[in-house]
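Residue-level structural notes
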Amino acid sequence: MPCKVIFLALTVLSLAASAQDSTFLSQAAAKAAMQPAQEKAYLHLDRPYYAPGDTIWFKAYVTEGPTHALSKISNVLNVGLANSKDSVVQMVRLSLVNGLGWSDMSLADTLPAGRYRIVAYTNWMRNAGSEYFFDKPVTIINSVQHVQAPVEIRAGKTAVRKRKDAGKADIQFFPEGGSMVNGIRSKVAFKATGENSLIVDATGIVTDDSGQQITVFKSEHLGMGIFYLTPEPGKTYKASVTFADGSQCVVSLPAAIDRGFVMNINNSDTSAVRVTITASKSVLDDPQQYGEINLIAQSGGKVYYTAKSKVTAAPLVAIVPKNRFPTGIVQFTLFSANGEPLNERVAFLGRHDQLRLKLTAGQAAAFSEGQPIKIDLSRIDSAGKFVAGSFSAAVVNESVLPRDTDAEPSILSCLLLTSDLNGYIEKPGYYFGNDEHAASDLDVLMLTQGYRRFEWKKILSGDLVQINYRPEKTLSLSGHVRTPGGKPVAKAKVTLLSSQGGYMLLDTVTDQEGRFVFDRLMITDSLRCKIQAHTAKDGKNVVVTVDDDLPKLQHYDMALTNDSVLSIHLPPKQTLNAQPAKLPAAGHSKLLKEVVIKAKKPLLENSSNLNGAGNADQVLLFKNIKLTCPSIAQCLIGKLRDVTFLYDLDKMCYYPATHESGRLVRMGIMLDGISIDAETLNTLPPELVESVEVLRTGGFTSIYGNDGYNGLILVNTKKGSYAGSLATNITTCTIKGYYKAREFYSPKYENPQTNGKPDNRVTIYWNPNIITDKDGKASFEFYNADTKGTYRVIVEGIDGNGRIGRVVYHYTVQ
């Protein structure tokens, strides 16, 4: 049967450039150096699974440039927890010192189980787009007590092609360097995918247009593999493919060209990379057309190797020592004399400058529960001078909390691999493991995965990255002042006022674009404040807005389609109780006797209720309430049936919630018929309120559509028009301050046999601040928990020269 095929070569783009002289190589290197420095972020998390009410412990590593030196560009990192709808449900900001910082994130008890993502980015990284953020899937489950197998979350970014015929297998072919050329032996990589674009294994036979078999191929790792083909002029080729599920299809291979070059890279040698460039017969028949060709190799925007040569009949070969490059992805591009890209190929080079670490824990074959243990960290490489490094350590009981090491992202896979490639990389940890085929499989990945960090077409045309976001050295708040018609108001006077935890009064003026900035803010946690603007002549007819701090996140397509997959790791009796432990379980409810309450329907003078005044599940008149509370939200606590007011730590305000399917959901709020947020509710003076109407049941909420989906709190003021008369030159906001990181509690037992109640820690130990000495050594100590099993110690970090290291150590607790 026919099947869909997309020919994705490493695309060679035509560049319309003016004639360039022999200084092309130096000009190209100079233009590449003009590009802004790139920042990358990585978070080392203490474990892969969490439950509602848990704490996520993490350390941040932010690097810059191709050598992965710890960044000095940004001093502020944003870390958020995003749900499957790409909405950030929790956010912390932490201060970076020389690219390092650590913190924690407390998960709410009411957080629904499911698939989430941890994202991390600096303001500077926003210039490149959210696809360059650190973005790691995290699973929130109902219990971490009985996890039996790891939950792998596969996600595909929107950059990955979405098939309309989801469910049917397809295959993609990638000729090395860009195109197959007639008469020249070419390497062709392929990648087979099935339902939801997940990798599937495949085998195939290549035949020419006469039906003669040319070669066969078979996927070697995650649906990927290679074969060799020498195309002949005038012939076409097809592949008959059989997928792992037994389905078959026949596809045409990409057509070969008559005139061009084939660039082959041999990356199998540990010390050098071999680049071979072969010209077609038609090129050799007219060598003056190309004259001189140029080869450039760059990594992270810095050119590390250049070469030029006349076109000759013999293949051109360059043997380049790998130690000329930093560890990571290197882009090789072949140019004509006038700067036209001809071929391109990326390769993963290095590991020569990677830290080699070792962990030891004494001579004991096994340890006991509650026993103290000391772990020694040392470097076992001798290359280069030892410099101090910063590391983090996480210890978990792998028998209780299993994990898939191949699928697990690490500091190596994130900073060296996935941060530079297009699309989702399945099982990135495999490529940095000990499998003997990992290096060759990684080279095939380089052939099938698009490189996204650097485009020569834009570089050579002088198209620099547009800088819309400046590096944050301190916390700041920005916004705009405009006329009601939307025109910017220059030189407007803007005041920031807050009385929370003291008194703060700041003022500034807007620029010609109506933009204002309050910077150098030193705020711990969060600060509730008021922003007020006037024209230069003290006019109030302006509109002040605060810039949105949250960027639009790259969408992820979570590939797991069975919602019950999270429950299969729990005992059957627990899968029925999906709500957090602090909420009453459905099986523990108690049937009460019916109680009939007779009361007169209260009369409302001002009501915005679309069902009619007083047609609600509950009506509360404020004339019957003693107003001693500072805000309307606090006045309502404990006074509304089936409504709970929770405190939002991020925005520092109360918000209403109600029970829905065993969990608490946030209700909507309307003030005189206009939707408002919880922050506005918390600033509303109680003396202005006449009544509150609660709409929870479908008979009352359906008229409001989506706004009433989780129920509504209707606030009616005495004049019924307060919301419409709110001053537009005043707004309130919450400045997200630096989060006060807590210290991980690590118990100390003088006598493990008499330590009280059982210690069932899930994260056995977490230490984000391990500093090695001048000899590359450090140590840390902790006590085992009261759980038997195989304990896993993971240490990751970077030294002062930007050398990245990771080591895993196992020991047994009996």
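Quick caveat, the model's predicted, so the values are computed rather than measured. (Residues numbered from 1 in each chain as written. Predicted model: local features only at pLDDT ≥ 70, side-chain atom pairs only at ≥ 80, totals over all residues. Heavy atoms only, no water.)

Notes on the packing of aromatic side chains
The way to describe two aromatic rings as a pair is by their centre distance and the angle between their planes. Counted by the stated rule, this structure contains 24 aromatic pairs. Aromatic side chains Phe-173 and Phe-227 sit 6.2 Å apart centroid to centroid with 75° between the ring planes, which places their arrangement in the edge-to-face category. You can see Phe-173 sitting in strand E12 (residues 170–175) and its partner Phe-227 sitting in strand E16 (residues 224–229), a full 54 residues away along the chain. Judged by its relative accessible area of 0%, Phe-173 is buried. Pairwise contacts between aromatic rings join Phe-173, Phe-190, Phe-217 and Phe-227 into one cluster. (Phe/Tyr/Trp six-rings, centres within 6.5 Å; stacked < 30°, edge-to-face > 60°. Helix = DSSP H or I, 4+ residues; strand = E, 2+ residues; numbered from the N terminus. Buried < 20%, exposed > 50% of the residue type's maximum accessible area, 1.4 Å probe, protein only.)

Observations concerning the pattern of salt bridges
Considering all chains together, one arrives at 25 salt bridges under this definition. Each of Glu-398, Arg-403, Glu-408, Arg-792, Glu-796 and Arg-806 takes part in salt bridges that share partners, so that together they form one network. (Salt bridge = Lys/Arg side-chain N within 4 Å of Asp/Glu carboxyl O.)

Structural notes on the pairing of strand E18 (residues 248–252)
Covered by surrounding structure in E18 are Cys-249 and Val-251 only, the residues Gln-248, Val-250 and Ser-252 on the alternate face being uncovered. Taken together, the five bridges between strand E17 (residues 237–243) and E18 define a ladder with antiparallel strand orientation. By the bridge assignment for E18, Ala-239 is matched with Val-251. Counting the residues that bridge the hairpin from E17 to E18 gives four residues, and of these Gly-246 lies at a positive phi of roughly 95°. (Pairing = 2+ DSSP bridges.)

Focus: the pairing of strand E40 (residues 668–671)
Bridge count for E40 against strand E43 (residues 712–717) is four bridges, and the pairing is parallel. Bridge assignment links Ile-669 to a residue of E43, and that residue is Ile-713. Across two bridges, E40 lies against strand E41 (residues 674–675) in antiparallel orientation. By the bridge assignment, Leu-671 is partnered in E41 with Ile-674.

Some words on the sheet that holds strand E47 (residues 789–799)
Sheet strands line up and pair through hydrogen bonds in the backbone, either parallel or antiparallel. Strand order in the open sheet formed by four strands is E45-E28-E47-E48, and the pairing between neighbours is antiparallel. If you trace the sheet from one side to the other, it starts and ends with strand E45 (763–771) and strand E48 (804–813), each paired once. Taken over all neighbouring pairs, the strand axes of this sheet differ in orientation by 10° on average, direction set aside. Across nine bridges, the pairing between strand E28 (residues 389–397) and E47 is antiparallel. Paired with Ser-390 across the bridge in E47 is Ile-798. (Axes fitted to C-alpha atoms, helices over the stretch in contact; angles between N-to-C directions.)

So, the confidence of the model for the protein
Chain-level pLDDT for the protein is 82 on average; 84% of the residues reach the 70-or-more range. Counting contacts from residues 1–21, a segment whose pLDDT is below 50, to residues more than four positions away or on other chains yields 62 contacts. The low-confidence segment residues 144–166 (pLDDT under 50) makes 88 contacts with residues lying over four places distant or belonging to another chain. (pLDDT = per-residue confidence, 0-100. Contact = heavy atoms within 4.5 Å.)

Points about the side chain of Thr-448
In this structure, Thr-448 sits in helix H4 (residues 438–448). Beyond its immediate stretch of four places on either side in the chain, Thr-448 contacts Phe-174, Ala-189, Phe-190, Lys-191 and Met-224.

Observations regarding the nonpolar core
The biggest cluster of nonpolar side chains holds 58 residues, and the ones touching the most others in it are Leu-43, Leu-77, Val-79, Leu-417 and Tyr-431. Leave out the neighbours within four places in its chain, and Val-79 touches Leu-43, Phe-58, Gln-90, Met-91, Val-92, Leu-94, Met-105, Ile-118, Val-119 and Ala-120. Listed in part, the 27 residues of the second largest apolar core include Val-643, Phe-645, Leu-664 and Met-667. (Core = buried A, V, L, I, M, F, W, Y, C linked by side-chain atoms within 4.5 Å.)

Here's the deal with the environment of Ser-103
Structurally, Ser-103 is set in strand E8 (residues 100–106). A residue is classified by how much of its surface remains accessible, and Ser-103, at 3% relative accessible area, is buried.

Concerning the side chain of Thr-717
Tracing the backbone through its elements, the reader meets Thr-717 in strand E43. Judged by relative accessible area, which is 2%, Thr-717 ranks as buried. A polar atom in the side chain of Thr-717 sits 2.7 Å from the side chain of Asp-672. (Polar contact = N/O pair within 3.5 Å; in protein donor to acceptor, adjacent residues only side chain to side chain.)

Here's the deal with helix H1 (residues 24–33)
Every α-helix winds through 3.6 residues per turn, so residues three or four apart in the chain are directed the same way. Turning to H1, its buried residues are Phe-24, Leu-25, Ala-28 and Ala-32. End-on, the buried residues of H1 take up no more than an arc of 100°, which puts them together on one face. Where H1 is buried, its residues meet strand E21 (292–299), strand E22 (302–310), strand E24 (328–336) and helix H5 (456–460). (Arc of directions from axis to C-beta.)

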